[in-house]
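# Coordinate inspection notes
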Amino acid sequence: MMAISEDAKYQARVDIEHKFVQSLILINSGAIIALLGFAQAVIDSNIELAIVSFYGLRFFCLGLVSGVLVNYFRYRVNTLKASNQDAGVERNKILSYVSRFLSLGAFIFGFLYISIRGVEIIAL
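About the cut-offs
Residues numbered from 1 in each chain as written. Predicted model: local features only at pLDDT ≥ 70, side-chain atom pairs only at ≥ 80, totals over all residues. Heavy atoms only, no water. Helix = DSSP H or I, 4+ residues; strand = E, 2+ residues; numbered from the N terminus. Rg over C-alpha atoms; globule rule 2.2 N^0.38 Å. Buried < 20%, exposed > 50% of the residue type's maximum accessible area, 1.4 Å probe, protein only. Contact = heavy atoms within 4.5 Å. Lys, Arg positive; Asp, Glu negative; His and termini not counted. Charge placed at Lys NZ, Arg CZ, Asp CG, Glu CD. Patch = residues over 30% accessible without salt bridge, like charges linked within 9 Å, V, L, I, M, F, W, Y side chains within 5 Å. Areas by Shrake-Rupley, 256 points an atom, 1.4 Å probe, with all protein chains shown as cover. Salt bridge = Lys/Arg side-chain N within 4 Å of Asp/Glu carboxyl O. Axes fitted to C-alpha atoms, helices over the stretch in contact; angles between N-to-C directions. Parallel < 35°, antiparallel > 145°, perpendicular 65-115°, else oblique. Left-handed = near helix turned anticlockwise from the far one by under 90°. Nonpolar A, V, L, I, M, F, W, Y, C, P; charged D, E, K, R; others polar.

Turning next to the overall build of the protein. When helices and strands are counted, the protein shows 3 helices and 0 strands. When its helices and strands are written in sequence order, the protein yields α-α-α. Taking 124 residues into account, the globule formula puts the C-alpha radius of gyration at 14 Å, and the protein, at 19 Å, lies well above it. Viewed in the frame of its principal axes, the protein has a C-alpha envelope of about 60 × 40 × 20 Å. By residue count, 27% of the 124 residues in the protein fall in the buried class. Long-range contacts, defined as pairs at least 24 residues apart, comprise 72% of the intrachain contacts of the protein with a sequence gap of at least 6. Each charge class in the protein can be summarised by its mean position, and for the 11 positive and 9 negative side chains these summaries are 5 Å apart.

Listed below in structure tokens is the structure:
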């Protein structure tokens, strides 16, 4: 069996993390675009549904900004390590992880909010 080098393992982790962040940004930005189109289509016929859409936009915008912040905190970790300033590395790592979970959580919460409130409004 062939051993995998540490560099290959590290590169695989970096690639997976990069794809994960791309996915967070993609799902949140896609939801924003879809909701803007939906809200524009229903604003004249069902204002309550349009309002729910705009509340949902807030969650997806939070998810998008949080997803983008992941890259910022990862950048800070790398620059601090490169300049041998270990003081802020752990804090920026933690903020990077928090941003990831906040982005995913905002998407899930926004999806659930729109789904539940949208069905309630349509059922009325």
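For the rest of this paragraph, the subject is a nonpolar patch on the surface. A cluster of nonpolar side chains, Leu-36, Ile-43, Ile-47, Ile-51, Phe-54 and Tyr-55, forms an exposed patch at the surface whose accessible area comes to about 540 Å². Of the residues forming the nonpolar patch, the biggest block, 4 residues, is contributed by helix α2 (residues 47-82). When you line up the elements, Leu-36 lands in helix α1 (residues 6-42).

Relative to each other, α1 and helix α3 (residues 89-123) sit at 30°, their axes nearing to 10 Å. As far as their axial angle goes, α3 and α1 are roughly parallel. The hand of the α1/α3 crossing is left-handed. Judged by residue contacts, Glu-17, Phe-20, Leu-24, Ile-27, Asn-28, Ala-31 and Leu-35 of α1 engage Arg-100, Ser-103, Leu-104, Phe-107 and Ile-114 from α3. Broken down by class, the residue content of the contact of α1 with α3 amounts to 8 nonpolar, 2 polar and 2 charged.

Looking now at the side chain of Asn-28. One can find Asn-28 in helix α1. When residues no more than four places from it in sequence are discounted, the contact partners of Asn-28 are Phe-60, Gly-63, Leu-64, Ser-103 and Phe-107.

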